[in-house]
Amino acid sequence: MSEIVTDNSKNGVSKETLVSTATLTEAGVVDEVSLVIEQGEAREVSLTDIEKGLTTLWQSAAKPRAGEEEPPVSRACVFNLVICVNGDTQLAGVTEVIASITWSYPCRAIVLVRKPEEPTSPITASISAHCQLPTSTGKKVCCEQITVTGRGESAKGLWSMVLPLLVPDLPVMLWWPIEPPLNEPLFTRLVKTADRLIFDSRTFARASQTFARLAGFSQDINKDTAFSDLSWSRLTPWRNTLAQFFDNPEMRPFLHHISNVEIHYEAPYDDEHPNFAEALLLVGWLASQLGWQPAFTLQRKGSNATLILNQAGAPLTIHFNGHNERKDEIGGITKIKLEAYTLDKYHTVLNTATFVVELTNDFERAITSITLDDNPPLTGSVLFPQRDTTELLCEDLNVVRRDQLFEAALALAGRFSH
Amino acid sequence: MMASSPSQAELPNPLRQGIRQERVPEPCTMIIFGATGDLTHRKLIPALYNQALERRLPPNFNMVGFARRPYNDETFQQEALNSINKFSRRRPVQPAVWDQFGKNIHYVQSDFTNPEGYKKLAETLDKIDEESGTRGNRLFYLSTNPDDYPTIVQNLGKVGLDKTKNSNSWVRIIVEKPFGFDLPSALKLNETIASVFHENQIYRIDHYLGKETVQNILVFRFANSIFEPLWNRQYVDHIQIIVSEELGVEGRGPYYDESGAIRDMVQNHMMQVLSLICMEPPSNFEANAVRDEKVKVLRAIAPLTPDDVVERTVRGQYGPGMINGEPVPGYREEERVPPETITETYVAIKLFVDNWRWAGVPIYLRTGKRLPKRTSEVALQFKPVPHGLFSQPGEPPIEPNVLALQIQPNEGISLKFGAKVPGPTMNIRPVTMDFRFGQSFGVAAADAYERLILDAMLGDSTLFARRDEVEQAWAIVTSIIDGWKLHMPPKFPNYEAGTWGPHEADELIERDGRRWRRL
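Cut-off values and rules
Residues numbered from 1 in each chain as written. Chains lettered and ligands numbered in written order. Predicted model: local features only at pLDDT ≥ 70, side-chain atom pairs only at ≥ 80, totals over all residues. Helix = DSSP H or I, 4+ residues; strand = E, 2+ residues; numbered from the N terminus. Rg over C-alpha atoms; globule rule 2.2 N^0.38 Å. Buried ≥ 20, exposed ≤ 12 C-beta atoms within 10 Å, placed from the backbone. Domains from an automatic or database assignment. Contact = placed C-beta atoms within 7 Å. Axes fitted to C-alpha atoms, helices over the stretch in contact; angles between N-to-C directions. Parallel < 35°, antiparallel > 145°, perpendicular 65-115°, else oblique. Left-handed = near helix turned anticlockwise from the far one by under 90°. Nonpolar A, V, L, I, M, F, W, Y, C, P; charged D, E, K, R; others polar. Core = buried A, V, L, I, M, F, W, Y, C linked by C-beta atoms within 7 Å. Bend = angle between axes of the 7 residues up to and from the residue. Pairing = 2+ DSSP bridges. Right-handed = clockwise from strand over helix to strand, strands pointing away. pLDDT = per-residue confidence, 0-100.

### Digging into the overall build of chain B
And then number 1: For chain B, the count of helices and strands is 15 helices and 18 strands.
And then number 2: For 519 residues, the compact-globule estimate of 2.2 N^0.38 gives 24 Å, and the C-alpha radius of gyration of chain B, at 25 Å, lies within 12% of that figure.
And then number 3: Each of the three principal axes of chain B carries a C-alpha extent, and together these read 80 × 55 × 45 Å.
And then number 4: Taken over 519 residues, chain B has a buried fraction of 44%.

### Notes on the domain arrangement of chain A
How big an interface is tends to be stated in terms of accessible area lost as the parts join.
Residues and elements named next belong to chain A.
And then number 1: Structurally, chain A comprises domain 1 (21-194) and domain 2 (233-413).
And then number 2: Taken together, the contacts link 8 residues of domain 1 with 6 residues of domain 2.
And then number 3: Counting only elements with at least two residues in the side of domain 1 that touches domain 2, the list comes to α4 (87-101) and β7 (172-176).
And then number 4: The leading source of residues in the side of domain 1 that touches domain 2 is α4, at 3 residues.

### Brief notes about the packing of helix α8 (residues 212-222) of chain B against helix α9 (residues 253-278) of chain B
All names here are of chain B.
And then number 1: In the contact formed by α8 and α9, the axes pass within 9 Å of each other and the chain directions differ by 15 degrees. Judged by the angle between their axes, α8 and α9 are roughly parallel. Here the hand of the crossing between α8 and α9 comes out left-handed. Side by side, α8 and α9 meet where V214, I217 and L218 of the first sit next to V273, L276 and I277 of the second.
And then number 2: Class assignment of the residues belonging to the contact of α8 with α9 gives a composition of 6 nonpolar, no polar and no charged.

### Section: the nonpolar core
And then number 1: Core analysis: the largest hydrophobic core is formed by 128 residues, its most contacted members being B:Y141, B:I174 and B:V175.
And then number 2: Broken down by element, this core gets its largest block of residues, 12 residues, from α9(B).
And then number 3: Three or more residues apiece are contributed to this core by two domains, here domain 1 (26-176) and domain 2 (209-405 + 465-510) of chain B.
And then number 4: With residues near it in sequence (within four places) discarded, B:I174 still touches B:L139, B:F140, B:Y141, B:L142, B:Y203, B:I205 and B:A456.
And then number 5: In terms of nonpolar packing, the next biggest core, distinct from the first, is built from 111 residues, A:I50, A:V111, A:L112 and A:V283 among them.

### A look at the packing of helix α2 (residues 38-53) of chain B against helix α3 (residues 73-87) of chain B
Residues and elements named next belong to chain B.
And then number 1: At a closest axis distance of 9 Å, the pairing of α2 and α3 adopts a crossing angle of 90 degrees. The angle between α2 and α3 places the two elements in the roughly perpendicular class. In this structure, α2 contributes H41, R42, I45, P46 and Y49 to the contact, and α3 contributes A80, S83, I84 and F87.
And then number 2: Residues belonging to the contact of α2 with α3 are distributed by class as follows: 6 nonpolar, 2 polar and 1 charged.

### Re α9(B)
And then number 1: The sharpest bend along α9(B) measures roughly 95 degrees and falls at B:G260.
And then number 2: With respect to burial, α9(B) is a largely interior element, 20 of its 26 residues being buried.

### Digging into the sheet that holds strand β4 (residues 138-142) of chain B
Residues and elements named next belong to chain B.
And then number 1: Overall, parallel pairing links the 6 strands, which are arranged β3-β2-β1-β4-β5-β6 in an open sheet. Of all strands in the sheet, those bounded by a partner on one side alone are β3 (105-109) and β6 (202-204). For this sheet the average axis-to-axis angle between neighbouring strands, irrespective of direction, equals 20 degrees.
And then number 2: With 5 bridges joining them, strand β1 (residues 29-33) and β4 adopt parallel strand pairing. If you follow M30 over to β4, its bridge partner there is L139.

### Side note on the pairing of strand β8 (residues 196-199) of chain A
All names here are of chain A.
And then number 1: Of the two faces of β8, the one lined by R196 and I198 and the one lined by L197 and F199 are each fully buried.
And then number 2: Across 4 bridges, β7 lies against β8 in parallel orientation. Pairing of W176 across the sheet is with F199, part of β8.
And then number 3: For the crossover that starts at β7, traverses helix α6 (residues 185-193) and ends in the parallel β8, the hand is right-handed.
And then number 4: Strand direction decides the pairing type here: β8 and strand β9 (residues 226-229), joined by 4 bridges, are parallel.

### A closer look at the pairing of strand β5 (residues 121-132) of chain A
All names here are of chain A.
And then number 1: Pairing of strand β1 (residues 43-45) with β5 involves 3 bridges; the strand directions are antiparallel. Following the sheet pairing, E44 is matched in β5 by S126.
And then number 2: Where β5 meets strand β6 (residues 140-151), 10 bridges bridge the pair, whose relative direction is antiparallel. Opposite C131, over in β6, you have C142 as the bridge partner.

### Structural notes on the sheet that holds strand β15 (residues 402-408) of chain B
Two orientations exist for strands paired in a sheet by backbone hydrogen bonds: parallel and antiparallel.
Residues and elements named next belong to chain B.
And then number 1: In spatial order, the strands read β8-β12-β13-β7-β14-β15-β16-β17; together these 8 strands make up an open sheet with mixed pairing. The outermost strands of the open sheet, each flanked by one partner alone, are β8 (313-316) and β17 (428-436). Adjacent strand axes in the sheet meet at a mean angle of 15 degrees, parallel and antiparallel pairs treated alike.
And then number 2: Sheet topology note: the β15/strand β16 (residues 412-420) ladder contains 5 bridges and is antiparallel. If you follow L405 over to β16, its bridge partner there is I413.
And then number 3: Seen against the sheet, α8 touches β15 and β16 and runs at an angle of roughly 145 degrees to β15.

### Looking at the confidence of the model for chain B
And then number 1: Averaged over every residue, the pLDDT of chain B is 90; the share at 70 or more is 94%.
And then number 2: Counted against residues more than four places away or in other chains, residues 1-6 of chain B, with its pLDDT under 50, gives 9 contacts.

### With respect to the environment of A:L197
Residue and element names in this part refer to chain A.
And then number 1: With respect to the element layout, L197 can be found in strand β8.
And then number 2: L197 gets classed as buried once you count the C-beta atoms within 10 Å, which come to 25.
And then number 3: Not counting chain neighbours up to four residues away, the residues in contact with L197 comprise L174, W176, V191, T225 and F227.

### Comments concerning unusual backbone geometry
Residues and elements named next belong to chain B.
And then number 1: In the segment running from Q408 into P409, the intervening peptide bond is cis, with an omega of 5 degrees.
And then number 2: Tracing the backbone shows P409 in the loop between β15 and β16.
And then number 3: Residues other than glycine seldom take positive phi values, yet N324 does so here, at roughly 50 degrees.
And then number 4: Despite not being glycine, R370 shows a phi value in the positive range, around 55 degrees.
And then number 5: Looking at R370, the number of C-beta atoms within 10 Å reads 32, which means it is buried.

### Things to note about the environment of B:N410
All names here are of chain B.
And then number 1: Secondary-structure assignment places N410 in the loop between β15 and β16.
And then number 2: Using a count of 16 C-beta atoms within 10 Å as the deciding quantity, one classes N410 as partly exposed.
And then number 3: In this structure the C-alpha to C-alpha distance between N410 and R436, which are 26 residues apart in sequence, comes to 7.2 Å.

Below you can see the structure in the form of structure tokens.
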């Protein structure tokens, strides 16, 4: 029986350290194949022998070593992770992520590498394994990666490699770390077989349009596929902090009369391709939860933009302001400001309030402030841990079901440009 | 020749008792009709050789090839050697084993219709009995075109080869599939064979039954106490049986076009697996006790009415597509396949076993060519938990338990169940417990033919199809074929090579609120 091992320690923290080849060879019982497993080295296999190759790999690894009763490694798999990338640099990036998620999410990773610009040659495949430090039982938990490369025209046929390689009965997670090519058969076919499509809207060139297409996809032919966005996970602390303002029942009336929203985000230096995706998604979420409807389409000027929404018949303006402070978090939100008021029974303004969440310069925490009327602001501080792709991905892999809130936010964000 | 009186034969051999390798048949001769055919080369000769290697064949085992091609003993022996070196799982041949095995291979060249050939065969067999002490024990193997079966059987009868030489010897005949083309032809074939051989001499081979996992269905069900209590309509929501191949027709176009997926797979392999999965516990593991229970299952499946056929079956035929990244042609473009053919290469069927145990539990079968991968599995999906303790209103229910028995290519058993994802929230994720034969026992499973031929030599017909089983399976399949004749075929091709079959097949199961398993 293969043991399913999961651990609630921090994802990817206890990454593998490999037993040195010398020690193992001295023991004199390790053959070449199990070393492949231990070292995570990729081995070329013929297309028809992928499964056979994996079986041999694991069979030899499952043999107990001299002087030991238990086999040193344990193969585990809780889902299929299908990933599509372009070229070797992206492959190296995702391979690293796969290696670090093994600990909490042992899976079979099937990586499709597209190299359409290279001369056409038959599809090639290689297999490798990722192992993590021994668990309390002394066994290493290992999982497998199958890399399939399509050069030139062969890249179009990569989809046909996926169905035969899926581990039966387990969910299929499709992770598209680059902007998904919505019109390509490779994308549409793979989405149909996936239980969850994970993309990153920071990679989108035209976020609102792509949101609209994706929302259409999720409601139309792919109603069995759940969609998720790494940017949505990045918004979790922001959404949480905004929600906390209104956990106090006295603040809730302000939610019905928001007069102005300002969202500051990191834009590229050249202002050529500002990425609004995260900011749009946040507004999409606010709009779907508070019943705002699009009134006018988004007006963009450089990295700034304005959007006018309809809040129960009254116009509400959203300002998107691009800044250039951090190169590594292009598209990331840095500050949110909500201005709101309440009315008395004669419909005159009773109170005003301003709610602000702003990242500090060290990007580790955010300062919150509430200013009621002319009173001095009430400030607070919340931790805003920065999370890398692996952690964001793990958050999405945790959820098997569809995320209704996200889908509603996505659908509305898709309507802002129409 | 060593003669023995009946009284001697009835005495047990006390030296045989408790010897580890118990299953060694009595000395005998196997006669293969169609000895130069593909099956003989790929399967039968390698199977016999492997058994010789494992010392499971009787010491004086002889084999006689009977076919039209102008071979003699020597050339046929050479052919056999080539087959072993090419197809045996234990290749290359071991000279010590071959020396003994090869010299006992003989060849009789004759047309199947020529009575002289059978006389020559009878003489050869008598000579072998004389020289090798095989005492008249004979195992005929029909591996020819099925059209030749009646001729061969009748000619065997004419020269008296169907009869035993004395009360201690045995004569048996193995019949390869297909057993008929539909119910009437199956009845006729059975009638013809029965006019010469007695039913207990007839071994209808279905190599699926020789597979370890298929036999393991019985062990799994009746040697474990934890599963059988759940094996009924109270707990099982539905059953899925799949046999898929990524191959196309591979040059067998004319044969396949006559038969189609339903005759090629459903009538034999899938019905056999279905009956093992659904049968009641037999009173013992004796051949007829097991087969009695199997046939009861088939009898409980009502043949489909023309309306049922529309509602509960889907036909498909593959068009061009991709397999493993390579473009492949559609069925109609395959070699020697008529371009307008309406033969199905895919079929999905919903059946019910109307008995106390299974009433109302649908059994979904699907099989096809040019599907994404080669696999053969049976899965029991259990009913969902009665109360959704862990799911929020409006959310999909927790995934049900699935018990999957994998028959090929990797024989094994897996059980899917829900487990909590570590963390502060009640997130539940399906995980599987897997058992793989290869990993647990570390022994390469023998080829199905090895086991079955040995069983036939030993006189154990448990894993062979009995006449009534074959006829009952045909009754069900023929009702479907007849139903199809009444309706326009769908617009073929209706699925792309490399995908899991036509869209209509998904609808067939989704109408019932269920889904095909992901394989």
